[in-house]
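Listed here are the chains, written in short residue letters.
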Amino acid sequence: MNQHSPADYLDVEEAIRGATSAILSQQKPDGHWVYELEADATIPAEYVLLVHWLGETPNLELERKIGVYLRRIQGGHGGWPLYHDGALDISATVKAYFALKMIGDDIDAPHMVRAREEIKKRGGAIKANVFTRILLALYGECSWNDVPTVPPELILLPRWFPVHLSKMSYWARTVIVPLLVLCAKQPLAKNPRGIHVPELFVPGVPAASPRAPHQSAGWSAFFTALDKVLKVVPWPKGTRDRAIEKCRAWTTERLNGEDGLGAIYPAMANSVMMYDVLGYSPDHPDRAIARKSVELLLVVKDDEAYCQPCVSPVWDTALVAHALLETKDEAARAAVDRGLDWLRPLQVLDVKGDWAEEKPGVRPGGWAFQYRNDHYPDLDDTAVVVMAMDRAGVAHEDVTIARGREWVEGLQSRDGGWGAFDADNSYYYLNNIPFADHGALLDPPTEDVSGRCVGMLAQLGDGGQRLADGIAYLRKTQAADGSWWGRWGVNYIYGTWSALAGLNGAGLTADDPTMKRGADWLIAIQNPDGGWGEDCDSYKLDYKGYEPAPSTASQTAWALMGLMAAGQVDHPAVARGVAWLKATQEEDGLWSQAHYTGGGFPRVFYLNYHGYPKFFPLWALARYRNLKTGNSRRVEYGL
């Protein structure tokens, strides 16, 4: 453990000044902040394969750089993980191998041999997940019989039908609709280089089990039987044509300009392929803008390149605003005002997105995660932006805050919690369909988003019954050990900070049993070095309790803010955590971390927010300084 004298614990001014200066230097000329958002090997690999599927002339230098990136992140086990230092994931490994072979890597090169051997040990590429098998089918590597059938006629079903697009999450909707066309047409990649991967298959091995670990035996048997029927049913041509046309129109309505369908890579790529299959020329406006949206996700550096799954400017800017407001620095305050001015016009006031299917009487008023995504604003971003604007002194009657609050209140679910993009998106049986082997088809209320929304209502005041219901939701979702699950951040540390912050804003004090249990859990899991860490593996289905993991800057900051929200600023664990942050601050004034602490789909897809280890530690240190020196009330903000 790092040794520091007690006097060092209060001496954080230099660390705050260094981090503040560094973050101010990263502000864009128009006032916003945006940091890289990295996933695993699948997105850059899919990008390479998309170019060749379309038959485009590839950018050889870009391919070379993507190859450098893919080789660098290959795990010591020979395959590719879903997060830093994670276990081999067969789907990510199949895609990375295929992409590297497409780029030109020799299959007898040591890194390719190791990857191939690990894939075959696990039964071959046919054991990959559904989305990977669809990609393989699009290249002719496996049969469409090895892929669950999802007919385009799904889009024609009435809303009362048990399986309906509106009952799925926004990300599932935007990915699936153009994919329905691809699965119906079953096109073959142009693949001008003629690259195939038969060496990744083991003869006689069947496709992956139709039942994933999270799926129940009964539902799985029902949906598997239904899939067999769907594979042989003779769909009337007129009905199929009408379904495909509706898929095309649905996608085009939500195309979202240069920001792309759903503003997420899989949906964007599927929309491009859909337009190609439907005969759109590369210069057709819809196909061209969809294709450009994909290019805007690329991060190209001097030596390597990768493709982001999406971008996070609204989220980054709002969170940075909170961190800088905490510093009480005049230059930082001026920068925050510029950031909030940038955020204000991005509020969606005139588009009723898919969320209105469930809540048709609610007026729009949210913010999206990305630059634009008007059909899909989210509750998390909206709550964080509204709280930042309130902290900065924007009047509550201002349309920005008033409409943001109205939208958040309107999308509260029946159980008192909030999901990310929709209300009451809790049709859990849908996670049992064969297509949902990732287990992330839904967007139900979660503790982390609910903590933010509770905090927003509390901070603005007059929360009434909605606030009371939100508090009750957080009380009932607290785990037996005192923690809360974190859907969008890794994991229980993130969820526990989110819940404690919201409950603190709502006025719960340190002696409240809920707050005390949350704080006790954070104290109990502190690492010997003074920091906190938690692995992505904590999302496993057989999770039995916290397992130690290396300390990270972002998770240490979350734990510290959670403890301070629970009234524990004077606890020795907080002093040790502050000392860890001071000791690990780098020469540029910021922090770095290799470990992924962002959530995408638990057990399937994780995110490395490059901004998290930069602004969260600043926020925690500044809050610590303010509380210890009396510059801040103990119950001040809902975040």
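Predicted, not measured: the structure shown is a model, and the values here were computed from it.

*Asks:* I keep staring at the overall build of the protein chain and nothing clicks. Help me out?
*Replies:* On a plain count of helices and strands, the protein chain comes out with 22 helices and five strands. Its C-alpha radius of gyration of 24 Å places the protein chain within 12% of the 26 Å reference for a compact globule of 639 residues. By its C-alpha atoms, the protein chain is 70 × 55 × 50 Å across when sized along the principal axes. Counting only residues that meet the buried cut, the protein chain has 63% of its 639 residues in that class. Long-range pairs, those at least 24 residues apart, make up 74% of the contacts in the protein chain with a sequence separation of at least 6. For the protein chain, the accessible area works out to roughly 23100 Å², and carbon and sulfur atoms hold 54% of it.

*Asks:* Whenever I open this one, helix H19 (residues 513–524) confuses me. Can you help?
*Replies:* Residues that lie three or four places apart on an α-helix share one face, since the helix turns once every 3.6 residues. Helix length check: H19, at 12 residues, gives a terminal C-alpha distance of 16 Å against a target of 16 Å (1.5 Å per residue), a fit within 8%. Three or more residues of H19 are buried, namely Thr514, Met515, Gly518, Ala519, Trp521 and Leu522. Summarising the axial view, the buried residues of H19 lie within an arc of 155 degrees, below the 170-degree limit, and thus occupy one face. Along H19, the residues that are exposed and aim more than 90 degrees away from the buried face are Pro513 and Ala524. Capping of H19 at its N-terminal end is provided by Asp512; its side-chain oxygen lies 2.8 Å from the backbone amide nitrogen of Thr514.

*Asks:* Looking at this structure, how should I read the pattern of salt bridges?
*Replies:* Tallied over the entire structure, the rule returns 39 salt bridges. Salt-bridge contacts for Asp105 lead to Arg71; the nearest nitrogen and oxygen are separated by 2.8 Å. Note that Asp105 is positioned in the loop between helix H4 (90–103) and helix H5 (110–121) and Arg71 in helix H3 (residues 60–72), a separation of 34 residues in sequence. Between Glu406 and Arg363 there is a salt bridge; the shortest N-O distance is 2.8 Å. Linking Glu406 in helix H15 (residues 399–410) with Arg363 in the loop between helix H13 (330–343) and helix H14 (379–391), this pair joins segments that are 43 residues apart in sequence. Among the residues examined, Arg363 registers a relative accessible area of 42% and is labelled partly exposed. The network of salt bridges with shared partners includes Arg159, Glu357, Glu358, Arg414 and Asp424.

*Asks:* Any chance you could explain the environment of Pro309 here in plain terms?
*Replies:* Along the chain, Pro309 falls in the loop between strand E3 (305–307) and helix H12 (313–327). When near neighbours in sequence (up to four residues on either side) are disregarded, Pro309 contacts Leu37, Ala39, Ile43, Ala263, Ile264, Tyr265, Leu297, Phe605 and Leu607.

*Asks:* Where do I start with the packing of helix H18 (residues 492–505) against H19 in this structure?
*Replies:* Pairs of packed helices are described in terms of their axes, by the angle between the two and the distance that separates them. Two elements in contact, H18 and H19, have axes whose closest approach is 10 Å; the angle formed by their N-to-C orientations is 150 degrees. Taken together, the axes of H18 and H19 lie roughly antiparallel to each other. Crossing angle aside, the handedness with which H18 passes H19 is left-handed. Facing H18, whose interface residues are Tyr492, Ile493, Thr496, Leu500, Leu503 and Asn504, H19 presents Thr514, Met515, Gly518, Ala519, Trp521 and Leu522.

*Asks:* Sorry if this is basic, but what is going on with the sheet that holds strand E5 (residues 605–609) here?
*Replies:* Backbone-to-backbone hydrogen bonds join strands into a sheet, with any given pair of strands oriented parallel or antiparallel. If you trace the three strands from one edge of the open sheet to the other, you get E1-E5-E4, paired in antiparallel fashion. Each of the sheet's edge strands pairs with one partner strand only, and the pair in question is strand E1 (37–38) and strand E4 (598–601). Relative to E5, E4 runs antiparallel, the two being bridged by three bridges. Opposite Gly598, over in E5, you have Leu607 as the bridge partner.

*Asks:* I keep staring at the packing of H3 against H4 and nothing clicks. Help me out?
*Replies:* Across the interface, H3 lies against H4 with an axial gap of 10 Å and an inter-helix angle of 145 degrees. As H3 packs across H4, the resulting crossing turns out to be left-handed. Counting all contacts with H3, which are made through Glu63, Ile66, Gly67, Leu70 and Arg71, the residues of H4 involved are Ala96, Ala99, Leu100 and Ile103. Considered class by class, the residues forming the contact of H3 with H4 number six nonpolar, one polar and two charged.

*Asks:* Help me understand helix H9 (residues 237–253), please; the structure alone is not making it clear to me.
*Replies:* If you check H9, its first and last C-alpha atoms are 24 Å apart, about what 17 residues at 1.5 Å a residue would give, namely 24 Å. Listed in full, the buried residues belonging to H9 are Ala243, Ile244, Cys247, Arg248, Trp250 and Thr251. What you see down the axis of H9 is that its buried residues fit within an arc of 165 degrees, all on one side. Of the exposed residues in H9, the ones pointing more than 90 degrees away from its buried face are Gly238, Arg242 and Glu253. Summarising the contacts, the buried residues of H9 are in contact with helix H7 (170–185) and helix H10 (265–277).

*Asks:* How should the side chain of Lys65 be read in this particular structure?
*Replies:* For Lys65, the position within the fold is in helix H3. Although Lys65 is buried, it forms no salt bridge, and the closest oppositely charged side chain is Glu61 at an N-O distance of 4.2 Å. With sequence-adjacent residues up to four places away left out, Lys65 is seen in contact with Val300, Lys301, Asp302, Asp303, Glu304 and Ala305.

*Asks:* What is the right way to read unusual backbone geometry from this model?
*Replies:* With the exception of glycine, the majority of residues adopt a negative phi angle, and the majority of peptide bonds are in the trans configuration. Positive phi outside glycine occurs at Asn191, with the angle close to 45 degrees. Secondary-structure assignment places Asn191 in the loop between H7 and helix H8 (217–232). The backbone of Lys328 shows a phi angle near 60 degrees, a positive value even though the residue is not glycine. Within the secondary structure, Lys328 is located in the loop between H12 and H13.

*Asks:* I keep staring at the pairing of E5 and nothing clicks. Help me out?
*Replies:* A regular strand carries its side chains on alternate faces of the sheet. Where burial is concerned, most of E5 is hidden: five out of the five residues are buried. Neither face of E5 is exposed, since Phe605, Leu607 and Tyr609 on one face and Tyr606 and Asn608 on the opposite face are all buried. Across two bridges, the pairing between E1 and E5 is antiparallel. Bridge pairing in E5 links Leu37 to Tyr609.

*Asks:* Even after reading the chapter, I still don't get the side chain of Arg625, so can you show me in this structure?
*Replies:* By the element assignment, Arg625 lies in helix H22 (residues 612–629). Here Arg625 falls in the buried class, since its relative accessible area comes to 8%. A polar side-chain atom of Arg625 sits 2.9 Å from the main-chain carbonyl oxygen of Thr327. Beyond its immediate stretch of four places on either side in the chain, Arg625 contacts Val12, Glu13, Ile16, Glu326, Thr327, Lys328 and Asn631.

About the thresholds
Residues numbered from 1 in each chain as written. Predicted model: local features only at pLDDT ≥ 70, side-chain atom pairs only at ≥ 80, totals over all residues. Heavy atoms only, no water. Helix = DSSP H or I, 4+ residues; strand = E, 2+ residues; numbered from the N terminus. Rg over C-alpha atoms; globule rule 2.2 N^0.38 Å. Buried < 20%, exposed > 50% of the residue type's maximum accessible area, 1.4 Å probe, protein only. Contact = heavy atoms within 4.5 Å. Areas by Shrake-Rupley, 256 points an atom, 1.4 Å probe, with all protein chains shown as cover. Expected span 1.5 Å × (residues − 1). Arc of directions from axis to C-beta. Polar contact = N/O pair within 3.5 Å; in protein donor to acceptor, adjacent residues only side chain to side chain. Salt bridge = Lys/Arg side-chain N within 4 Å of Asp/Glu carboxyl O. Axes fitted to C-alpha atoms, helices over the stretch in contact; angles between N-to-C directions. Parallel < 35°, antiparallel > 145°, perpendicular 65-115°, else oblique. Left-handed = near helix turned anticlockwise from the far one by under 90°. Pairing = 2+ DSSP bridges. Nonpolar A, V, L, I, M, F, W, Y, C, P; charged D, E, K, R; others polar. Lys, Arg positive; Asp, Glu negative; His and termini not counted.

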